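# Notes for the structure review
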Amino acid sequence: MEHIQNGSYQAVNWNYIEDALDKATWEKLTQQFWLDTRIPISNDLRNWQGDLSAAERRVFNLVFGGLTTLDTLQSQDGMAALRQDAVNQKEEAVLNNIQFMESVHAKSYSSIFETLNEKSEIEAVFDWADHNEYLQYKAQKINAIYQEGSPLEKKVASVFLETFLFYSGFYTPLYYLGHNRMLNVAEIIKLILRDESVHGTYIGYKFQIGFKKLSAEEQADLQAWLYDLLYDLYENEEKFTHELYDELGWTEDVLSFLRYNANKALMNLGQDPLFPDSADDVNPVVMNGISTSTANHDFFSGVGNGYLLGEVEAMDSADYDY
Ligand code: MN3
Ligand code: MN3
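Residue positions within a chain follow its written sequence, with the count starting from 1. Chain letters and ligand numbers both follow the written order, the letters beginning at A and the numbers at 1. Where local features are concerned, this predicted model is filtered to residues with pLDDT of at least 70; where side-chain atom pairs are given and counted, the filter is 80 or more; whole-chain, interface and lining totals use all residues. To obtain the side-chain values, all non-hydrogen atoms of the structure were included, while hydrogens and water were left out.

Turning to the overall build of the protein, a few remarks are in order. Only DSSP runs of H or I with at least four residues qualify as helices, and only runs of E with at least two residues qualify as strands; both kinds are numbered from the N terminus onward. When helices and strands are tallied, the protein shows 13 helices and 2 strands. For the protein, the C-alpha radius of gyration of 19 Å lies close to 20 Å, the compact-globule estimate for 322 residues. For the protein, the proportion of its 322 residues judged to be buried stands at 54%. Relative to all contacts within the protein whose residues are 6 or more apart in sequence, the contacts with residues 24 or more apart total 81%. For accessible areas, the Shrake-Rupley method is used with a probe of radius 1.4 Å. Any residue's cover is judged against the shown protein chains and nothing else. Working note: accessible area of the protein is about 13700 Å², and carbon and sulfur atoms make up 49% of it. Taking the 23 positively charged and 51 negatively charged side chains of the protein as two groups, their mean positions are separated by 5 Å. Both definitions apply: the radius of gyration is a C-alpha atom measure, and the globule rule equals 2.2 Å times residues to the power 0.38. Each residue's exposure class comes from its accessible area (1.4 Å probe, protein chains only) as a fraction of the maximum for that residue type: buried when under 20%, exposed when over 50%, partly exposed otherwise. Contacts between residues were defined by any pair of non-hydrogen atoms, one from each residue, lying within 4.5 Å. Note that His is not counted, nor are the chain ends; the positive residues are Lys and Arg, and the negative ones are Asp and Glu. Charged side chains are reduced to one point each, which is NZ for Lys, CZ for Arg, CG for Asp and CD for Glu.

Below, the structure written as structure tokens:
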């Protein structure tokens, strides 16, 4: 947004709030601030060395390599692109917070790698991530929208990335959590999921405000574009999932989990679901992993804004709320 108005560089005034959700989101995100360095990942070394097969360790590493790429994209390009379209200064501040936390997410995977692997193994994972056809396809497809898309298209890209594309990776640590393995790694993933639950809801909400202002024809065009994009990303994600998970025999379960999350991404954007998959279709071990969560699950608690709570709960099923 433009910062100079009537010849003056505008100071941000938090005593004047244009949209209560900006302030509520700021409070929620700062309240749940965390750092990877607080989690004792080395406590998982016994599981890593004693309970996971070589094939499982390999998939685990590649999955985290892929997650690193996507969180790097969010921290370096995603939030910067969305911030250009912020409609007020408090929204910009919230996006600043999100951008920093994306850097924490990206770094946390390196903390996991460092604890569990040798240097040469880590280098191989990064080399794989930088060159994997399907991972690069989705990262560059989303980044192109960040660079060239309209304000609403950029928000769609961000929500699809965070509420859909990450889940082929999140499946693995949630699966182990459901089996009571790699619990400290899972703790990091739960913290990331807690953040993403807020990010997806907030950015989806900002999308819905803009979407409602479009004419019926513009809405129909944008809907056609976003469903095409989702199909395109899903086709790529199918190939990515086969490449990663065929060896373990997990592919069909991961794909069902992906379709379930694709529907959640659409819900965040206020759009109808695309796939028939519901929570009941997802491997119960993974759902169990998600629901063995810790803290209070009251999204935007303490806001005292009834209409927000209602709207947010509807967009954001309790599965990922902590
Ligand atoms: Mn993230
Ligand atoms: Mn995020």
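Here the narrative resumes, following the displayed structure.
Attention now moves to the coordination of the manganese ion (ligand 1). A 2.8 Å cut-off from the metal defines N, O and S donors, relaxed to 3.2 Å for Na, K and Ca; water is not in the atom list, so some sites may appear incomplete. Around the manganese ion (ligand 1), the protein contributes the donor atoms D71 (OD), E102 (OE), H105 (ND1) and E196 (OE), which lie 2.0 to 2.3 Å from the metal centre. All donors of the manganese ion (ligand 1) come from a single chain, and their spacing in sequence reads D-x30-E-x2-H-x90-E. Here the manganese ion (ligand 2) and the manganese ion (ligand 1) are spaced 3.6 Å from one another, each receiving a donor from E102. Taken together, the residues span a long stretch of sequence, with E102 in helix α4 (residues 89–116) and E196 in helix α9 (residues 183–212) at a distance of 94 residues.

This paragraph deals with the layout of surface pockets. Rolled over the atoms, a probe sized like a water molecule indicates the empty space that remains. Throughout, the protein atoms alone are placed on a 1 Å grid, and a set of points is a cavity if a 1.4 Å probe fits but cannot get out or a pocket if it is open with protein on both sides within 12 Å along at least five of seven lines; lining residues have an atom within 4 Å of a point. Grid points are joined across faces, edges and corners, and a volume is the space filled by probe spheres set on the points. If you add up the space inside the largest pocket, you get close to 220 Å³. What lines the largest pocket is a set of 14 residues, and nearest its centre among them are T69, T72, L73, Q136 and A139. With 7 residues, the single largest contributor to the lining of the largest pocket is helix α3 (residues 54–83). Gly counts as polar in this scheme, as do all residues outside two lists: the nonpolar Ala, Val, Leu, Ile, Met, Phe, Trp, Tyr, Cys and Pro, and the charged Asp, Glu, Lys and Arg. Tallied by class, the residues present in the lining of the largest pocket amount to 4 nonpolar, 8 polar and 2 charged.

Coordinates in, geometry out; function isn't part of it.
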